[in-house]
Amino acid sequence: AAWCELPSRVLLVLTSQRGVQMYDSDGSTMVFWHALDVPEHSAAHSVFARGIAAAGGRFICVGTSSGAVLVFDIPPKGTNVTLSEILEQHRDPITDIAAERGQAPDGAGDLVTADDSGTLCLWSTGEEFTLLGMIPGSGSTCSSVTLWNGIVAAGYGNGQIRLWEAESGRIRAQVSAHARWIYALDLAPLTGKLLSGAEDSFVHVWKLSRNPDTDDIEIQHCHAECVTDTQVCGARFCDPAGDTFAVTGYDLSEILCY
């Protein structure tokens, strides 16, 4: 589930094994429903949608288990949502999609898609989406991804966070951040703070920045919080500056705020 903020409206988008639902921001009216194609021999593979991002001012992108990314064109008002494009670059199920949260440098993409093999694709949005580059996977699932000021931050199933240059696709930093699978990354666009939550019950706050002298991408550890006996599966900042964050875990009926 994700809030998709477009210039003209805010939609609540839900993904499931059945398809994609879009609601008005208060959840009262379903604006659009897109059913997923279920193949005849679907017993071997589950079908689902996963990964949501608003992009390009008028599009909402949703990933699927086939590796395709559905691009929906959203009108300023009303229910006339159309499937405008399908991006078929990935060969594995999409895990997460992120749009630029800051100011992209010239030539850098403003959308990143990630899949189960760890492969990342960088896109430039517009009337037609353009593939700018691919970052091949290295055997570990990329479970969560964010994009800020031309920096791609990706969290992996082996507990690592890797930082990539969105323009060139070069790796700039790698941190062994967690002992187990990272389930959530979030970014505070005003400050560049990065939040990571994982199965090891820890939540970490990091700070991303660019060195003004060398233009190198730097990551700094700011804070660690242990959520006792909880496999953290969701973590989000509650404000654009990253002064507060909320966490939840498997089998936990509570949301913890820090």
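Up top is the structure.
Residues numbered from 1 in each chain as written. Predicted model: local features only at pLDDT ≥ 70, side-chain atom pairs only at ≥ 80, totals over all residues. Heavy atoms only, no water.

1. Digging into the sheet that holds strand β8 (residues 82–87)
Within the open sheet, the four strands sit side by side as β5-β6-β7-β8. Their pairing is antiparallel. Looking at the sheet topology across the chains shown, the edges are occupied by β5 (49–55) and β8. Pairwise comparison of adjacent strand axes, ignoring direction, gives a mean angle of 25 degrees for this sheet. By the bridge criterion, five bridges tie strand β6 (residues 59–64) to strand β7 (residues 69–73) in an arrangement that is antiparallel. Considered in β7, the bridge of I60 is made with F72. (Pairing = 2+ DSSP bridges. Helix = DSSP H or I, 4+ residues; strand = E, 2+ residues; numbered from the N terminus. Axes fitted to C-alpha atoms, helices over the stretch in contact; angles between N-to-C directions.)

2. Some words on the sheet that holds strand β1 (residues 2–5)
With antiparallel pairing, four strands are arranged side by side in an open sheet as β1-β2-β3-β4. Both outer strands of the open sheet, β1 and β4 (30–35), are each paired with one neighbouring strand and no more. Taken pair by pair, the neighbouring strands of this sheet meet at an average axis angle of 20 degrees, ignoring direction. In this structure, strand β3 (residues 19–24) lies alongside β4, joined through five bridges in antiparallel fashion.

3. Topic: the nonpolar core
V13, M22, I60, V62, F72, I74 and V81 are the most contacted members of the largest nonpolar core, which totals 19 residues. Elements that contribute at least two residues to this core include exactly β1, β2 (10–15), β3, β4, β5, β6 and β7. Counting 16 residues, the second-largest nonpolar core is a separate cluster that includes W148, I151, L185 and W206. (Core = buried A, V, L, I, M, F, W, Y, C linked by side-chain atoms within 4.5 Å. Buried < 20%, exposed > 50% of the residue type's maximum accessible area, 1.4 Å probe, protein only.)

4. Considerations on the side chain of S144
In this structure, S144 sits in strand β13 (residues 142–148). S144 sits in the buried class, given a relative accessible area of 5%. Setting aside residues no more than four positions away along its own chain, S144 makes contact with D96, A153, A154, G155, Y183, A184 and L185. (Contact = heavy atoms within 4.5 Å.)

5. Structural notes on the packing of aromatic side chains
Tallied over the entire structure, the rule returns five aromatic pairs. Considering the side-chain rings of F32 and F72, the 5.4 Å spacing of their centres and the 65 degrees angle between planes classify their relative orientation as edge-to-face. Taken together, the residues span a long stretch of sequence, with F32 in strand β4 and F72 in strand β7 at a distance of 40 residues. Here F32 matches F72 in class, with each residue buried. An angle of 75 degrees between the planes, with centres 5.4 Å apart, marks the rings of F59 and F129 as edge-to-face. You can see F59 sitting in strand β6 and its partner F129 sitting in the loop between β11 (120–124) and β12 (130–135), a full 70 residues away along the chain. Pair check on accessibility: F59 and F129 agree, each one buried. An aromatic cluster of three or more residues is present, and its members are W181, Y183 and Y250. In this structure, R162 is placed above the aromatic ring of Y156, and the distance from its NZ or CZ to the ring centre is 4.2 Å. (Phe/Tyr/Trp six-rings, centres within 6.5 Å; stacked < 30°, edge-to-face > 60°. Lys NZ or Arg CZ within 6 Å of the ring centre and 35° of its normal.)

6. Quick look at unusual backbone geometry
Positive phi, close to 50 degrees, is recorded for N149, a residue that is not glycine. By the secondary structure assignment, N149 is in the loop between β13 and β14 (151–156). Positive phi outside glycine occurs at S201, with the angle close to 75 degrees. One can find S201 in the loop between β18 (193–198) and β19 (202–210). When its relative accessible area of 11% is taken as the criterion, S201 is described as buried.

7. Some thoughts on the side chain of S140
Its place among the elements puts S140 in the loop between β12 and β13. A distance of 3.2 Å separates the side chain of S140 from the backbone nitrogen of N158, its partner in a polar contact. With near-sequence residues (within four places) excluded, S140 lies in contact with D116, S117, G118, Y156, G157 and N158. (Polar contact = N/O pair within 3.5 Å; in protein donor to acceptor, adjacent residues only side chain to side chain.)

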